[in-house]
Amino acid sequence: MTSERECHVFVVLPGTTDFVVAGRFRVSTTPDGVPLGEFVYGRSYLNRADAVELDPVELRLAERMYRTTRLGGFFGAIRDSMPDYWGRLLIERRFGRAQLQEFDYLAEGPDDRAGGLGFNAGLEPPSPRIRFNTVLDLAELQAAAEAVLAGERGQRKSLAGRARELLLEGTSMGGARPKAVVEDGDALWVAKFGRDEDRWNDPLVEHAVLQLARECGLNAATSRIERIGNRDALLVRRFDREWRGAGYARSRMVSALTLLGADDSVTDRRRWSYLALADELRRASSKPREDLHELFGRMCFNAAISNLDDHPRNHAILAPGREWRLSPAYDLTPVPAISVTRRDLAMTCGPGGRWANRANLLGSAGRFLLDREEAEAVFDRIAATIRSSWLAVMRGNGVSERDCDLIRHAILYDGLFYDA
Ligand SMILES: Nc1ncnc2c1ncn2[C@@H]1O[C@H](COP(=O)(O)OP(=O)(O)OP(=O)(O)O)[C@@H](O)[C@H]1O
Ligand SMILES: [Mg+2]
């Protein structure tokens, strides 16, 4: 079946809160059955003095037709604006899975997507959301999320009335965990809910880990906890939106997956690499030295707390103005690990591959513009801070003793310090 879908791509320019048309995106199927994506910047957009690029690597400002057959024809910067597992699940709930094409996940998701882009078939910008859900809606949103998850497990749980309306508005934010975007005061927050199958109180633990990262000197997203009945929800302040009195300014955002030119698939995982990401960041960032040191610190931190789910969608660059910087750290959480002696990060972190081990982490310090002694000092300082304060930070944020005992094995595991 040949199909052809297209839309206009909008962007909120730095310092403004309204969309302008940046270009046109189209996906078609070649006669050989291969999906082909095409993107072209509009001529009048290119003529603007304040035009900005959608992606600093793949979609630089230029008067040409960009084409790709990778990722089903979806350029990385566009894919980064689309929902993953959770947002897709809600769209599927609304429309039924069988009828959906990849393009529908772009077209049918609400305009709360990460980053500065918007999409619409016509030339009028996507309708700005007049009313966001608020923290007052969290209880209903959580109940609705539970009903959807129960449905996935084959259980029937009714999703009625307002809860249904609230949730099925859905979200275009990425990630697998149940979440919703809520407005509180002058800011937007990503609300992440707990799930029945969680090993521990995930929202509380992630909140504490974000604080622990800050204690280690890292730049981590701001978060807080909202208690809903007998559950907690984690609220992470969106760093890609800023209220400007008449609307939200939006930062452009591109994931590390896109910077690496990689895909989620298992076969593409050899491209998942902190070292390659460091190389890309060196070119893309307006402050490469600072950002590379920060990235090195995050890599050490992830190894030290067994955040083994540090895949390239969990890193991003952000452009509040014209220039790109590493975004604040987000989605930091220990993974229940079995092995005592060897753990692997999701991305290559040294000459020995993905091994979360001091010697391996230090082995590629130069890629992060650090010499050996500087890198050792970063690793050792982070490990020492975690050793002296992880438990106090957890307990101080209300993580139970039982949960701390479960997490203990993830923190500074023995193999982290093996000198091989
Ligand atoms: N504070 C934030 N501000 C802006 N965007 C964010 C923020 N936190 C997360 N995001 C975006 O939302 C996506 C999903 O968030 P997050 O990674 O926390 O969810 P998750 O469901 O736990 O993900 P995963 O599937 O990796 O477990 C991220 O990949 C990122 O694009
Ligand atoms: Mg994530």
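Residues numbered from 1 in each chain as written. Chains lettered and ligands numbered in written order. Predicted model: local features only at pLDDT ≥ 70, side-chain atom pairs only at ≥ 80, totals over all residues.

Trainee: Just to check I follow, could you spell out the overall build of the protein chain for this structure?
Mentor: Scanning the protein chain from terminus to terminus reveals 13 helices and 15 strands. Rg of the C-alpha trace for the protein chain: 22 Å, near the compact-globule value of 22 Å for 420 residues, within the 12% margin. Projected onto the principal axes, the alpha-carbon positions of the protein chain cover approximately 55 × 50 × 45 Å. Considering the protein chain as a whole, with its 420 residues, one finds that 44% of them fall into the buried category. In the protein chain, of all internal contacts separated by at least 6 residues, the share reaching a separation of at least 24 is 66%. (Helix = DSSP H or I, 4+ residues; strand = E, 2+ residues; numbered from the N terminus. Rg over C-alpha atoms; globule rule 2.2 N^0.38 Å. Buried ≥ 20, exposed ≤ 12 C-beta atoms within 10 Å, placed from the backbone. Contact = placed C-beta atoms within 7 Å.)

Trainee: Which parts of the structure should I look at to understand unusual backbone geometry?
Mentor: Negative phi values dominate among residues other than glycine, just as trans dominates among peptide bonds. At leucine 71, a position not held by glycine, the phi torsion is positive, near 50°. Take leucine 71: it is sitting in the loop between strand 4 (65–68) and helix 2 (76–79). Within the chain, leucine 412 stands out as a residue other than glycine whose phi angle is a positive 45°.

Trainee: Looking at this structure, I do not really get the site of ligand 1. What am I missing?
Mentor: Inspection of the region around ligand 1 gives 18 residues, with Gly174, Gly175, Ala176, Arg177 and Asp331 positioned closest. Here the residues of the shell around ligand 1 are counted per class, giving nine nonpolar, three polar and six charged. Inspection of the shell around ligand 1 shows a minimum of three residues originating in each of domain 2 (133–237) and domain 3 (250–417). (Near = placed C-beta within 6 Å. Nonpolar A, V, L, I, M, F, W, Y, C, P; charged D, E, K, R; others polar. Domains from an automatic or database assignment.)

Trainee: Would you explain the sheet that holds strand 10 (residues 231–237) in this entry?
Mentor: Either a parallel or an antiparallel arrangement is found when strands of a sheet pair, and the pairing is made through backbone hydrogen bonds. In spatial order, the strands read 6-7-8-10-9; together these five strands make up an open sheet with mixed pairing. Two strands lie at the open edges of the sheet, namely strand 6 (133–134) and strand 9 (223–228), each paired on one side alone. As judged from the two bridges shared by strand 6 and strand 7 (residues 179–184), these two strands associate in the parallel manner. From the neighbouring strand, threonine 134 faces strand 7, where its bridge partner is glutamate 183. (Pairing = 2+ DSSP bridges.)

Trainee: How should the packing of helix 9 (residues 274–284) against helix 10 (residues 288–304) be read in this particular structure?
Mentor: The relative placement of two packed helices comes down to the angle between their axes together with the axis-to-axis distance. As a packed pair, helix 9 and helix 10 sit with axes 9 Å apart at the nearest point and diverge in direction by 160°. Taken together, the axes of helix 9 and helix 10 lie roughly antiparallel to each other. Helix 10 is crossed by helix 9, and the crossing has right-handed handedness. Contacts between helix 9 and helix 10 involve Tyr274, Leu277, Ala278, Leu281 and Arg282 from the first element and Pro288, Asp291, Leu292, Leu295 and Met299 from the second. Of the residues that constitute the contact of helix 9 with helix 10, the class distribution is eight nonpolar, no polar and two charged. (Axes fitted to C-alpha atoms, helices over the stretch in contact; angles between N-to-C directions. Parallel < 35°, antiparallel > 145°, perpendicular 65-115°, else oblique. Left-handed = near helix turned anticlockwise from the far one by under 90°.)

Trainee: How should I be thinking about the domain arrangement of the protein chain in this particular structure?
Mentor: Many analyses report the size of an interface as the accessible area lost when the parts associate. Domain boundaries in the protein chain define domain 1 (4–120), domain 2 (133–237) and domain 3 (250–417). Computed from C-alpha coordinates alone, the two centres of domain 1 and domain 3 are separated by 29 Å. Within the side of domain 1 that touches domain 3, the residues separate by chemical class into nine nonpolar, three polar and two charged.

Trainee: Please explain the pairing of strand 7 as it appears in this structure.
Mentor: Sheet faces and side chains relate simply in a regular strand, where the side chains alternate between the two faces. A large share of strand 7 lies buried, amounting to five of its six residues. Connecting strand 7 to the antiparallel partner strand 8 (residues 187–193) that follows it, the hairpin turn spans two residues, and glycine 185 within it adopts a positive phi of roughly 60°.

Trainee: What exactly am I supposed to notice about the nonpolar core here?
Mentor: For soluble globular proteins, nonpolar side chains are generally found buried alongside one another. Among the nonpolar cores identified, the biggest contains 111 residues, and Ala191, Ala213, Leu277, Leu295, Phe296, Cys300 and Ala303 are the most heavily contacted of them. When sequence neighbours within four positions are dropped, the list of residues in contact with alanine 213 reads Leu218, Ala220, Phe301, Ala329 and Leu332. (Core = buried A, V, L, I, M, F, W, Y, C linked by C-beta atoms within 7 Å.)

Trainee: Mind showing me how you'd approach the environment of glutamate 242 here?
Mentor: Looking at the secondary structure, you find glutamate 242 in strand 11 (residues 241–243). Note: C-alpha distance between glutamate 242 and alanine 359 (117 residues apart in sequence) is 41 Å. Apart from residues lying up to four places away in sequence, glutamate 242 is in contact with Tyr248 and Ala249.

Trainee: Mind showing me how you'd approach the environment of arginine 199 here?
Mentor: Residue placement: arginine 199 occurs in the loop between strand 8 and helix 7 (202–215). Considering only alpha carbons, one finds arginine 199 and glutamate 373, 174 residues apart in sequence, at a separation of 38 Å.

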